[in-house]
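Per-entry structural report
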Amino acid sequence: MKYVLALDQGTTSSRAILFDQNGKVAGKAYQEFRQIYPKAGWVEHDPKDILSSQVGVIAQALVRAGASIADVEAVGLSNQRETTLVWDAKTGAPVYNAIVWQCRRTADMCDDLKARGLDKMIYAKTGLVADAYFSATKIRWILDNVEGAREKARRGELRFGTVDTYLMYALSGGRIYATDYTNAARTMLFNIHTLDWDDELLSLFDIPRSMLPEVHPSGHFYGKTDGDFLGRELKICAVAGDQQAALFGHLCTRKGDIKNTYGTGCFLLMNTGDTAVESNNGLITSLAAGFGKPDYILEGSVFVGGAAVQWLRDEMKIINTAAESEELATKVPSSEGVYVVPAFTGLGAPYWDARARGAIIGLTRGTGREHIVRATLEGIAYQVADIVRAMELDAGVKISTLRVDGGASANNFLMAFQSDILGCTVLRPAVIETTALGAAYLAGITSGLWSDVEELRKNERTERAFSPSIGEGERRRLLEGWRSAVDASRLR
Ligand code: ADP
């Protein structure tokens, strides 16, 4: 048996999953690592923790699969996006901790960019909103704040990389210095139309080109890992940012294909083919994982998704486990006019109201915890539906199927309601490790283990499909109620 090894380097844990030739999980292992919070709003990772946790899980996954390193045909890498590392070109030693995507330390720098009206130029070139999430201002912060870094950068002695680049550099003993389109597109330095680093942006942030890796398609032979590391050289045949890897894992490779990940927050990505769709709703335009010239995507996120269920459990204490939310929600025939808007940190697309706050409306003397729980799950689905509608409007397509993954996609009530409110089919796949699966698919096709996407499509297995059970009139009535609830959340 030949295997593809997917390495999924996430924000809170590193995973290794071994997929067999049939795309089935043969063995997996994961390890959490330390989150460092030096100040309020700041988040860092120690690069050593990223590397050691990622290497550490490989052996475990192999043992669980009963496989040896010699059975690994190819490696595919997926990673937390935007997180920024800078290291010394000669020694490979990082000059600072990894600054994590969530870190807000450069928020003022972004406000300044907006005040200078530069956000429009940034959007036109990169497809991104000028926000502290993305790497550019984080690199600049390191060059401005680490002693001697700026001079070293000017002399060409420093390297920048997102986590994929750092891992490949470390695992190859400095021989691979590269990234893929999906990761490059999240740096705010990469022009998604010319598919190259952008000189105007580089000079805006005062970042020399010598600090930037080569950029390749996600499915590409990047090089081999050093034999000393894992006891044998392994071929790295794919790299993709986690959300784009998941999109590929769902085989959303055709225009209009769309997936949502229901994690702490929700991440929606829609493939828009060869058109870079400009959004009128504040969605991000970016690049998809693939081979050769990349497809474009629209991306939108819901800040509070599964986190609303955690709130019910940890703050409201009206459920004991996340799974119990499904049981309670189905004890009542409807939420009876109760709406929960989980706008705890404001509202994102398509509202973009940072001052909005959570709201519960429609309470009566008869409202019970079942109604509140049900309305909270519905609140997640409504937010997702708002983004799907925005994507449909921006892209001028009507979607018929939403593919799902992530922790909260296990909730059957939530999935059924999502289908009702969208009026489309919701498909939950049999393999829910979609991010790792996408990295494995990309690597397996690149290495020749699988011939193409169509071969993989034949093996695609749906665990459950949810179809709408309500009519258009009912849907319209529910959505009107949601709209007034959103209005209430903005009354401040
Ligand atoms: P992340 O990758 O963001 O950590 P996961 O994909 O692991 O997230 O999903 C975890 C989230 O899913 C949590 O916010 C949790 O509340 C939610 N969740 C997990 N199981 C369920 C369930 N059965 N019903 C609703 N929400 C759930």
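Everything in this summary refers to the structure shown in the same document. (Residues numbered from 1 in each chain as written. Predicted model: local features only at pLDDT ≥ 70, side-chain atom pairs only at ≥ 80, totals over all residues. Heavy atoms only, no water.)

1. Here we look at the pairing of strand 2 (residues 13-20)
Burial of strand 2 is extensive: seven of the eight residues sit out of reach of the surface. Where strand 1 (residues 3-9) lies against strand 2, seven bridges are found, and the strand directions are antiparallel. In the strand pairing of strand 2, aspartate 8 is matched with arginine 15. With antiparallel pairing between neighbouring strands as the criterion, strand 1 and strand 2 make up a hairpin whose turn holds three residues. Pairing geometry for strand 2 and strand 3 (residues 25-32), over seven bridges, is antiparallel. If you follow alanine 16 over to strand 3, its bridge partner there is alanine 29. Linking two consecutive strands that pair antiparallel, namely strand 2 and strand 3, is a turn of four residues; a positive phi of about 75 degrees is found at glycine 23 within it. (Buried < 20%, exposed > 50% of the residue type's maximum accessible area, 1.4 Å probe, protein only. Helix = DSSP H or I, 4+ residues; strand = E, 2+ residues; numbered from the N terminus. Pairing = 2+ DSSP bridges.)

2. Quick look at the nonpolar core
Ranked by internal contacts, the top residues of the largest apolar core, which has 59 residues, are Tyr262 and Leu402. In terms of residue count, the dominant contributor to this core is helix 13 (residues 369-395) (13 residues). Sequence-distant contacts of tyrosine 262, that is, excluding residues within four places in its chain, are made with Ile380, Val384, Leu402, Val404, Asp405, Gly406, Gly407, Ala408, Ser409, Leu414, Met415 and Gln418. Of all hydrophobic cores here, the second largest spans 42 residues; its members include Val86, Met121, Val146 and Tyr181. (Core = buried A, V, L, I, M, F, W, Y, C linked by side-chain atoms within 4.5 Å. Contact = heavy atoms within 4.5 Å.)

3. A few points about the packing of helix 14 (residues 412-422) against helix 17 (residues 472-489)
The interhelical angle for the contact between helix 14 and helix 17, taken along N-to-C directions, is 100 degrees, at an axis separation of 9 Å. In terms of orientation, helix 14 and helix 17 fall into the roughly perpendicular class. Contacts from Phe417, Asp420, Ile421 and Leu422 of helix 14 reach helix 17 at Arg475, Leu478 and Leu479. Along the lines of polarity and charge, the residues of the contact of helix 14 with helix 17 split into five nonpolar, no polar and two charged. (Axes fitted to C-alpha atoms, helices over the stretch in contact; angles between N-to-C directions. Parallel < 35°, antiparallel > 145°, perpendicular 65-115°, else oblique. Nonpolar A, V, L, I, M, F, W, Y, C, P; charged D, E, K, R; others polar.)

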